[in-house]
Protein chains: 2
Amino acid sequence: MRTIAHPVPEQLTLSGLLHALSDPVRLEIVRTLGERGETSCGGLGVSVSKSTLTHHLKVLRDAGLTQTRCQGVQRLVSLREEDLETRFPSLLSCVLAHHEPGSTQMGVL
Amino acid sequence: MRTIAHPVPEQLTLSGLLHALSDPVRLEIVRTLGERGETSCGGLGVSVSKSTLTHHLKVLRDAGLTQTRCQGVQRLVSLREEDLETRFPSLLSCVLAHHEPGSTQMGVL
DNA sequence: AACCTTGTACGAAATGGATCGAACGACCGT
DNA sequence: ACGGTCGTTCGATCCATTTCGTACAAGGTT
């Protein structure tokens with residue numbers, strides 16, 4: 001595949017974004033991207049299988065949270081920070097502002 | 001039932017909030033509460049059965065988004081705006097800032 | 001008391017979504 | 001061309017969730 005489909009900013013819905021962010025794995029991916037910037041799929045360090053990772057990245061991309069470009073054999077993923085900030089101000093920054101380490105759900109005080 | 005359990009602000013997690021908000025019905029409830037303030041269950045005007053409404057309200061309450069108090073035979077539901085603003089600044093206001101009725105209003109651009 | 005209203009609790013059915021392994025495809029070395 | 005790396009697609013499985021109807025509980029009214 002050479003070109004990858006991305007929704008335009010006007011198509012983004014709050015429901016879609018929240019749904020995409022409601023999964024712990026995807027939330028972790030978004031946080032990682034927020035810290036490291038553009039990262040390859042394999043470089044995300046997520047503890048799921050490759051096929052599952054592909055699935056989650058597609059959900060994030062379809063929701064408009066991320067964009068993906070091809071570089072050789074890799075897919076470089078990054079947050080669509082500008083588009084998101086324009087359409088849903090503060091949403092992304094609010095999410096990124098919370099570094100809850102919880103790799104899984106543990107230690108609820 | 002006289003007393004209803006609510007989580008303390010420290011227990012609230014971003015994942016939990018986003019998950020609770022990721023359902024269209026619950027998002028609609030939250031928006032309605034944001035506009036009208038404290039409302040009885042039946043006054044929410046949601047198009048689901050009573051038992052389903054109870055379920056969604058429990059999810060919202062367990063996530064820390066709402067609080068419920070008893071008044072006679074009714075349950076008055078309201079947003080925990082202060083607690084949410086303290087723990088996740090801008091999150092709630094960002095969500096409430098977007099009135100997408102879903103199919104009613106289009107072309108927000 | 002009996003009755004109505006408001007909401008909850010309890011299953012049960014149906015749907016959706018997360019997960020994986022295996023097979024495949026694209027790209028880049030040698 | 002061959003093989004290795006990176007990621008996607010397919011099919012299946014498993015678990016969570018949404019939804020409902022019915023039965024029930026609590027509170028108010030007459």
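Right, let's walk through the structure included here.

**A word on the protein's contact with DNA strand C**
Inspection of the region around DNA strand C gives 24 residues, with A:S51, B:S40, B:G42, B:S51 and B:T54 positioned closest. Of all the elements in the fold, those that place two or more residues in the surface near DNA strand C are α3 (50–63) of chain A together with α3 (50–63) and β3 (74–79) of chain B. It is α3(A) that contributes the most residues to the surface near DNA strand C, five residues altogether. Of the residues that constitute the surface near DNA strand C, the class distribution is nine nonpolar, 11 polar and four charged.

**Overview of the sheet that holds strand β2 (residues 66–71) of chain A**
Residues and elements named next belong to chain A. One open sheet holds the three strands; their spatial order is β1-β3-β2, and the pairing between them is antiparallel. Looking at the sheet topology across the chains shown, the edges are occupied by β1 (39–40) and β2. Bridging between β2 and strand β3 (residues 74–79) involves six bridges; their strand directions are antiparallel. Counted as the bridge partner of R69 is L76 from β3. Across the sheet, helix α2 (residues 24–36) lies against β1, β2 and β3, angled at about 85 degrees from β3, the strand it touches most.

**Thoughts on the packing of helix α2 (residues 24–36) of chain B against α3(B)**
Residue and element names in this part refer to chain B. For the pair α2 and α3, interaxial distance at closest approach is 10 Å and the crossing angle is 70 degrees. Looking at the two axes, α2 sits roughly perpendicular to α3. Residues V25, R26, I29 and V30 of α2 form the contact with α3, whose participating residues are H56, V59 and L60. Of the residues assigned to the contact of α2 with α3, the class counts are five nonpolar, one polar and one charged.

Scoring rules and cut-offs
- Residues numbered from 1 in each chain as written.
- Chains lettered and ligands numbered in written order.
- Predicted model: local features only at pLDDT ≥ 70, side-chain atom pairs only at ≥ 80, totals over all residues.
- Near = placed C-beta within 6 Å.
- Helix = DSSP H or I, 4+ residues; strand = E, 2+ residues; numbered from the N terminus.
- Nonpolar A, V, L, I, M, F, W, Y, C, P; charged D, E, K, R; others polar.
- Pairing = 2+ DSSP bridges.
- Contact = placed C-beta atoms within 7 Å.
- Axes fitted to C-alpha atoms, helices over the stretch in contact; angles between N-to-C directions.
- Parallel < 35°, antiparallel > 145°, perpendicular 65-115°, else oblique.

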